[in-house]
Amino acid sequence: MLKLKQYEAWFITGSQHLYGEETLKQVKAHSKKIAAVLSQSRQIPVKVKFKALLATPDEIVQFMRQANNSDKCIGLIAWMHTFSPAKMWINGLKILNKPMLHFHTQFNRDIPWSEIDMDFMNLNQSAHGGREFGFINSRMGVNRKVVVGHWQDEEPIAQIGIWTRVAAAWKDMQGMKVARFGDNMREVAVTEGNKVSAQIQFGYSVNGYGLGGLAKKVKAVSDKAIDQLVQSYHEEYELAKSLRKDGKKHNALREAARIEIGLRTFLEEGDFTAFTDTFENLHGLPQLPGLAVQRLMADGYGFGAEGDWKTAALVRSMKVMGAGLPGGNSFMEDYTYHFYPTRMRVLGAHMLEICPSIAAGKPSCEIHPLGIGGKADPVRLVFDSPAGPGLNASVVDMGNRFRLLVNTVDAVEPEERLPRLPVARVLWDAHPNLKTAAAAWILAGGAHHTCYSQSLTAEYLEDFAEIAGIEYVLIDKDTKLRQFKNELRWNEMYYRS
Ligand code: MN
């Protein structure tokens, strides 16, 4: 369900008719070449298509209309090979509703010292043409990513690749449907928020569904379908003895399979790509969905526990951004601290619902009692997550705006085995250190729920915030608390103006 090749980034080049037709021909040929290189790059997962050389106000408006209406176009990559007087762009930029990346590149990498003449100078003018374009975008408050560098250099290509993944996630988010089974966990604040504001800002809709509708789908699952799914559980996981075919609790595994199929059917029929549930409202379901949620997340669905629809939508989007990259993305919760003086760590986990896309090795499938919810013991996948770079991201509703908060981390190997802990977990070292990271996170009002990512860097989330037009706050190796507090204060002013 996560296919990025279906999407197109449209490459456009700005120019003007001042230089004559011969120059424009060359501009076009160069543009085609650059777009082809970007399209073929393994770092860019979408198609990059050269679409237009734009040299008049009318052409620009016409083109923007076309881009806005195209279902395949996830955004524009704009290049100013020559000078393109930017008043020509005003009416087009006024109506553009797709993300934009300004690629500030030049066709020639090097100055041809012994041959350079005024013809060369007039063709390779992006150094000043890009500034004219930058001015009008800044003057009009157009959010965009600016990438600088030669088009054959891997670094800018990687930056463009990141942006295309984010633009694809943004496209996926427009019209995304988030299903909520049950409301919010009672009295919890941070998982609440304004769903109308979210739909206006992010483009996704969040609606509630009675448990009865889901229970009906779960009940209707055939024994044959359950047999087949249970068989694949046997193949994919280390099954606990009691859950195996002749085990005492094999029926609980069958119930888990029934829930998975029923839930999947409900989501597929309703065209949902993200969902929430809550242990306080499970009427008609025998156990809290654990294994089912874990497996649906692994297939690309977004999920948030306790009714957390903001995290559910974020998890889905981050899965789209990370499609095909090594490492996974999962719903996560900061659970418990290790305050050992020289090695302070966070143990991240949830009651059940951690995505096996972040697992190290083959997960073990187990059944254990759950202290809350008053339902039958839920089946779940238990695993550790490997060491390596990662991050946690959280969207919170600040009342007048949404804030995206990111903390980079290094996942580390657990210091010892955790034989009595019946849930999937990750141990991490937060940047710059736990004391600063947790204080900053708390001052920024970040939630306990996050999306934990192994595959994405902070640059993805920054691009996402830019496209969505929301506040972005990063806690990383450079974070100093005093400066961070001021950043929050200044942002407060910005968003109140
Ligand atoms: Mn939770």
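Residues numbered from 1 in each chain as written. Predicted model: local features only at pLDDT ≥ 70, side-chain atom pairs only at ≥ 80, totals over all residues. Heavy atoms only, no water.

A. Geometry of the coordination of the manganese ion. Summarising the metal site, the manganese ion is bound by the protein donors Glu 306 (OE), Glu 333 (OE), His 350 (NE2) and His 449 (NE2), whose distances to it range over 2.1 to 2.2 Å. Within one chain, the residues serving as donors to the manganese ion are arranged as E-x26-E-x16-H-x98-H. In this pair, Glu 333 sits in strand β11 (residues 329–338) while His 350 sits in the loop between β12 (345–349) and β13 (364–367), placing the two residues 17 residues apart along the sequence. You can call Glu 333 buried: its relative accessible area is 12%. (Donors = N, O, S within 2.8 Å, 3.2 Å for Na, K, Ca; no water. Helix = DSSP H or I, 4+ residues; strand = E, 2+ residues; numbered from the N terminus. Buried < 20%, exposed > 50% of the residue type's maximum accessible area, 1.4 Å probe, protein only.)

B. Here's a closer look at the nonpolar core. Counting residues in each nonpolar core, the largest one holds 92 residues, and the members touching the most others are Phe 11, Phe 103, Phe 202, Tyr 204, Phe 275, Leu 404 and Phe 464. Considering every element that reaches this core, the biggest residue donor is helix α6 (residues 154–173), with ten residues. Residues contacting Tyr 204, with those up to four places away along its chain left out, are Met 173, Met 176, Val 178, Ala 198, Gln 199, Trp 309, Lys 310 and Ala 313. Core analysis: the second largest hydrophobic core is formed by 43 residues, Ile 226, Leu 243, Ile 367 and Ala 438 among them. (Core = buried A, V, L, I, M, F, W, Y, C linked by side-chain atoms within 4.5 Å. Contact = heavy atoms within 4.5 Å.)

C. A look at the sheet that holds strand β4 (residues 100–104). The strand order β2-β1-β3-β4-β5 describes an open sheet built from five strands, whose pairing is parallel. Here the strands that pair on one side only, and so sit at the sheet edges, are β2 (47–54) and β5 (145–148). For this sheet, the mean inter-axis angle between neighbouring strands, taken without regard to orientation, is 25°. Looking at chain direction, strand β1 (residues 8–14) and β2 are connected through seven bridges and run parallel. Bridging from a neighbouring strand, Trp 10 pairs with Lys 49 of β2. Here helix α1 (residues 21–40) sits on the sheet and contacts β1, β2, β3 (73–80) and β4; the angle it forms with β2, its principal contact strand, is near 165°. (Pairing = 2+ DSSP bridges. Axes fitted to C-alpha atoms, helices over the stretch in contact; angles between N-to-C directions.)

D. Structural detail: the pairing of strand β6 (residues 177–181). Burial analysis of β6 places four of its five residues in the buried class, which makes it a mostly covered element. In the sheet, β6 pairs with strand β7 (residues 205–209) via five bridges, with the strands oriented parallel. The partner of Val 178 across the bridge, within β7, is Val 206. Regarding the hand of the β-α-β motif, the stretch spanning β6, helix α7 (residues 195–202) and β7 is right-handed. (Right-handed = clockwise from strand over helix to strand, strands pointing away.)

E. Focus on empty space enclosed by the protein. One pass over the structure, following the stated rule, counts one cavity of 30 Å³ or more. Reported here for the largest cavity is a volume of approximately 40 Å³. Together, Met 173, Phe 202, Tyr 204, Lys 310, Ala 313, Leu 314, Val 395 and Phe 464 line the largest cavity. Taken together, the residues that form the lining of the largest cavity break down as seven nonpolar, no polar and one charged. (1 Å grid on protein atoms, 1.4 Å probe; cavity = no way out; pocket = protein on both sides within 12 Å on 5 of 7 lines; lining within 4 Å. Points joined across faces, edges and corners; volume = space filled by probe spheres on them. Nonpolar A, V, L, I, M, F, W, Y, C, P; charged D, E, K, R; others polar.)

F. Structural context of the packing of helix α9 (residues 223–236) against helix α10 (residues 250–270). Where α9 contacts α10, the axes come no closer than 9 Å and their chain directions differ by 110°. Overall, the two elements α9 and α10 adopt an arrangement that is roughly perpendicular. Listed contacts from α10 to Asp 223, Ala 225, Ile 226, Asp 227, Leu 229, Val 230, Tyr 233 and His 234 of α9 are His 250, Leu 253, Arg 254, Ala 256, Ala 257, Arg 258, Glu 260 and Ile 261. Looking at the contact of α9 with α10 residue by residue, the class counts come to nine nonpolar, two polar and five charged. (Parallel < 35°, antiparallel > 145°, perpendicular 65-115°, else oblique.)

G. The layout of surface pockets, seen in detail. There is about 350 Å³ of room inside the largest pocket. As for the largest pocket, its lining consists of 17 residues, of which Lys 98, Val 142, Asn 143, Glu 466 and Ile 467 are closest to the centre. Mapped by element, the contributors of at least two residues to the lining of the largest pocket are α6 and α14 (458–468). In terms of residue count, α14 provides more of the lining of the largest pocket than any other element does, four residues in total. A class-by-class count of the residues in the lining of the largest pocket yields eight nonpolar, three polar and six charged.

H. Molecular detail of α7. A distance of 2.9 Å separates the backbone nitrogen of Val 196 from a side-chain oxygen at the start of α7, and that oxygen is part of Asn 194. After α7 finishes, the residue Gly 203 shows a positive phi value of roughly 90°. (Polar contact = N/O pair within 3.5 Å; in protein donor to acceptor, adjacent residues only side chain to side chain.)

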